[in-house]
Every structure is written in structure tokens, then in C-alpha cells.
Amino acid sequence: MKKAIKIPETISSRSEYKRKFTLKEMYQAFILIPTIITKLKYNKKKDLISKEFIERLQLAVTQVNGCAACSYAHTHMALKQGMSQEEIESFLEADGKHIKEEEVKAIIFAQHFADTRGFPKEDAYKIIEKQYGEKEANIILAGNIYGIPLSALQSRIRKKPYKNSTLKYEIGMLVIGFLILPITLIHGLIRQIFGITNLKLDKTEAQEN
């Protein structure tokens, strides 16, 4: 019997963006795609991080961005992998009940990476690099921008438009994103061929309260 896909009401009934991105940020995110695909293929071959762990990371990042479309997609994948509805909802609501002790730092960093729009603190990255290893740490980096304007458009179609959005922004991001995808993939591949890192770290020290 097919499992029903259910995401938390706080996400499915969202009335405004939790995070809103620019075309420049979308372009920068798309450049990462070739490297991400390469690293995921390498991970599948070497089994550095389990696919279940990766999906938990994706769910945690989705919670930060508040993306309904992403939540739906990752919930579907998580259910296929055998995760319970309770565990999935726990990650999407960030209550921390189902986080495994050995995965805590990775999940917190993945959320930090998303929260800083791909510009995490160097100290934070060094911590997970030390705990999980350099190759594993690179796999932990994740994010999804394209699904956010898609979620807003879907909500608009249901006659519940986001308060801080416009039809022009939603369609513009989706159409231009689709058009620039081939360019960004080529750009990303060139960077990968020349060994140019896509990891940008904030080297400023955190201010003490």
C-alpha cells in the first residue's frame, strides 16, 4: 500500500516566504550542481555517508528554508527509504527528537550552511571536517533554492498567494532559472575541471554576546 505524503501544517499552509532568494543567489547555487552530483556519486560508490543520513540532512535544510515543494519531495524520498512519518515530521519541525547523537553536528552545520546562504563560518566547517573527515564534510553541504518560488506559485494557484511575493517574481525566478541552468552547469563543470572550490567560508570571528 502506498504511503500518504504528509508535511507539517506550518509548511503546507505557509502564507509568506521564510527565506527569499535573488537570481544571483540562484545562479551561484546552480553552479554547485556538477560538484554535488560528482560527490554524491562518489559517496554512493564509497558509502561514506548513508543515503538515510543524507535524506535527514536534506529534511533539516528544508526546514530552514521553509520550502513546501522541497518538503513534499524529500518526504516522499524519506518514506521510500523507510523513515516513519513521525521521524520525518520531527525533522521538518526541528524538534530534535529523532536526531542521532553521531549526526547532531552534521545536521546543525547543514542548517547553518543554509541559514547563512552558503557562506558558513570557517570554525563551524572545521569542526565537522575534523569529526567526519574532509570528503564526508563536503557531502554534508546542501541546499535548494528553485523549489521556494515554485512553492509560492503553487500556493498562488490555490488562491493563497504569499504576502511578500508577486507573480512576476515567482514566474521570473522559475523561467529564468530554467533558462540559465545549462549555462550554470557548464560554468560549474569548468570550475570543477580547474579545481576551483565552490566552498566559501566566513573567516570573521563570531561576536560574543
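A brief report on the enclosed structure follows.

### Quick word on the overall build of the protein
- From N to C terminus, the protein includes eleven helices and zero strands.
- Against the compact-globule benchmark of 17 Å for 209 residues, the protein has a radius of gyration of 17 Å, which places it among compact chains.
- On the principal axes, the C-alpha backbone points of the protein span a range of 50 × 45 × 40 Å.
- For the protein, the residues scored as buried account for 42% of the 209 residues in total.
- In the protein, once contacts between residues fewer than 6 apart in sequence are set aside, the share between residues at least 24 apart is 75%.
- When the accessible area of the protein is evaluated, it comes to approximately 12600 Å², of which 58% is carbon and sulfur surface.
- If the 33 positive side-chain charges of the protein are averaged to one point and the 24 negative ones to another, these points end up 8 Å apart.

### Here we look at the pattern of salt bridges
- Evaluation of the coordinates by the stated rule reveals seven salt bridges.
- For Arg56, the salt bridge goes to Glu87, with nearest N and O atoms at 4.0 Å. Note that Arg56 is positioned in helix α4 (residues 51–65) and Glu87 in helix α6 (residues 85–93), a separation of 31 residues in sequence. Accessibility classification places Arg56 together with Glu87 in one group, the buried group.
- The shortest N-O distance in the salt bridge between Glu103 and Arg56 comes to 2.6 Å. Placement of the pair is Glu103 in the loop between α6 and α7 (104–115) and Arg56 in helix α4, with a sequence separation of 47 residues. With respect to class, Glu103 is no different from Arg56; both count as buried.
- Connected via shared salt-bridge partners are Arg56, Glu87 and Glu103.

How each quantity is defined
Residues numbered from 1 in each chain as written. Predicted model: local features only at pLDDT ≥ 70, side-chain atom pairs only at ≥ 80, totals over all residues. Heavy atoms only, no water. Helix = DSSP H or I, 4+ residues; strand = E, 2+ residues; numbered from the N terminus. Rg over C-alpha atoms; globule rule 2.2 N^0.38 Å. Buried < 20%, exposed > 50% of the residue type's maximum accessible area, 1.4 Å probe, protein only. Contact = heavy atoms within 4.5 Å. Areas by Shrake-Rupley, 256 points an atom, 1.4 Å probe, with all protein chains shown as cover. Lys, Arg positive; Asp, Glu negative; His and termini not counted. Charge placed at Lys NZ, Arg CZ, Asp CG, Glu CD. Salt bridge = Lys/Arg side-chain N within 4 Å of Asp/Glu carboxyl O.

Spatial relationships are all this shows, so hold off on functional conclusions.
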